[in-house]
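# A closer look at the structure
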Amino acid sequence: MEDEPPVRLAPLEDSHVSRYLSLSADPVLIDTMGWKPFDPDDAERFLRYVENITVPYLMGGRTVALSIVSTADGTPIGYLSLKGVREGGTGAEIGLAIMDKDYRGRGLGTIALRQAAEYAFDELELSVLVLTVFPGNEPAIRSYEKVGFKKAELLKEAFEMPDETFADMWVMELSRDDFVNAKARAGSSANSN
Ligand SMILES: CC(C)(COP(=O)(O)OP(=O)(O)OC[C@H]1O[C@@H](n2cnc3c(N)ncnc32)[C@H](O)[C@@H]1OP(=O)(O)O)[C@@H](O)C(=O)NCCC(=O)NCCS
């Protein structure tokens, strides 16, 4: 029998959102997500982040809002959203954050991203995924490159920060082929360990 993965994707529930609001003042999240921490009654503003599309050609589609849940203890540890999904469309934008710092740096975000890519390519039949990331967010860029994402374009001063300055963002793209190739590479390096 195959081992159970350490995280699974599940629908984003109100109780998860409450937990994420309470974790949102973590300095790493303030830096990497470019948000002002959320008050307990700020669920609506948080959901706007979960649904926020930065790549213009995907605007207007629906959002699939998911939670990343730790399999071992059932804890919702972060969110992952697929945005700009539309009938007959070929692409979507991904947003994610491991909100609970105790679960970062353990490979779980990378695994959740692979699960989301499989869902997007196999179930939603998309052919490309995009995401945006601040150039200084090296752990995230490293994680995305492991999944097969490639830097496509640097958007200058594209994201308005809480202090009203504007930050650059990398657009990164993942095609179905790049995903399959990266998975094969990850599999062969795991086998050679
Ligand atoms: C980005 C994020 C989803 C990645 O998930 P994760 O489970 O923590 O990632 P991983 O444990 O797989 O680590 C990713 C890689 O970054 C590397 N890394 C960690 N710190 C690093 C640093 N300062 N510089 C470069 N690489 C770093 C890790 O070593 C790992 O690579 P490796 O497996 O080759 O060793 C998660 O860290 C997170 O949610 N961070 C806060 C919010 C955020 O940045 N969201 C994304 C916004 S675009």
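Residues numbered from 1 in each chain as written. Predicted model: local features only at pLDDT ≥ 70, side-chain atom pairs only at ≥ 80, totals over all residues.

Moving on, we get to the overall build of the protein chain. If you tally the helices and strands in the protein chain, you get 6 helices and 7 strands. When its helices and strands are written in sequence order, the protein chain yields β-α-α-α-β-β-β-α-β-α-β-β-α. In terms of overall size, the protein chain behaves like a compact globule, its C-alpha atoms giving a radius of gyration of 16 Å where 193 residues would be expected to give roughly 16 Å. Across its three principal axes, the protein chain shows a C-alpha extent of roughly 45 × 40 × 35 Å. When each of the 193 residues of the protein chain is scored for burial, the buried share is 27%. In the protein chain, 60% of the contacts between residues at least 6 apart in sequence involve partners at least 24 apart. (Helix = DSSP H or I, 4+ residues; strand = E, 2+ residues; numbered from the N terminus. Rg over C-alpha atoms; globule rule 2.2 N^0.38 Å. Buried ≥ 20, exposed ≤ 12 C-beta atoms within 10 Å, placed from the backbone. Contact = placed C-beta atoms within 7 Å.)

Of all residues adjacent to the ligand, which total 22 residues, the nearest are Thr 32, Gly 109, Thr 110, Glu 138 and Ala 140. Contributions of two or more residues to the shell around the ligand are made by helix 2 (27-33), strand 4 (91-98), helix 4 (108-123) and helix 5 (138-147). Looking at which element gives the most residues to the shell around the ligand, the answer is helix 5, with 5 residues. Split by residue class, the shell around the ligand holds 10 nonpolar, 8 polar and 4 charged. (Near = placed C-beta within 6 Å. Nonpolar A, V, L, I, M, F, W, Y, C, P; charged D, E, K, R; others polar.)

Regarding helix 5, the residues found buried are Ala 140, Ser 143, Tyr 144 and Val 147. Taken end-on, helix 5 shows its buried residues confined to a sector of 95°, consistent with a single buried face. In helix 5, the exposed positions that point more than 90 degrees away from the buried face belong to Glu 138 and Arg 142. Looking one or two residues beyond helix 5, the residue adopting positive phi is Gly 148, at roughly 120°. (Arc of directions from axis to C-beta.)

Once that is clear, we can look at the nonpolar core. Tyr 79 and Leu 129 are the most contacted members of the largest nonpolar core, which has 38 residues in total. Every element with two or more residues in this core is listed here: helix 1 (14-23), strand 2 (62-70), strand 3 (76-85), strand 4, helix 4, strand 5 (128-133), helix 5 and strand 7 (166-175). Here this core gets 6 residues from one element, more than from any other, and that element is helix 4. Not counting the four nearest positions on each side in its chain, Leu 129 is found in contact with Gly 91, Ala 92, Ile 94, Ala 117, Ala 120 and Leu 174. (Core = buried A, V, L, I, M, F, W, Y, C linked by C-beta atoms within 7 Å.)

Here we take up the sheet that holds strand 5. If you trace the 7 strands from one edge of the open sheet to the other, you get 1-2-3-4-5-7-6, paired in mixed fashion. Both edges of this open sheet fall to strand 1 (7-11) and strand 6 (150-160), since each of them pairs with a single strand only. On average, each strand axis in the sheet is tilted by 30° relative to the strand beside it, whichever way the strands run. Pairing geometry for strand 1 and strand 2, over 5 bridges, is antiparallel. Considered in strand 2, the bridge of Pro 11 is made with Leu 66. (Pairing = 2+ DSSP bridges. Axes fitted to C-alpha atoms, helices over the stretch in contact; angles between N-to-C directions.)

Attention now goes to the pairing of strand 6. Side chains on a regular strand alternate between the two faces of the sheet. Bridging between strand 6 and strand 7 involves 7 bridges; their strand directions are antiparallel. By the bridge assignment for strand 7, Phe 159 is matched with Ala 167. Counted along the chain from strand 6 to the antiparallel partner strand 7, the turn is 5 residues long, and its residue Glu 164 has a positive phi close to 70°.

Before going further, it helps to spend a moment on the environment of Gly 60. Summarising the element assignment, Gly 60 is placed in the loop between helix 3 (43-51) and strand 2. For the pair Gly 60 and Lys 83, spaced 23 residues apart in sequence, the C-alpha separation works out to 8.9 Å.

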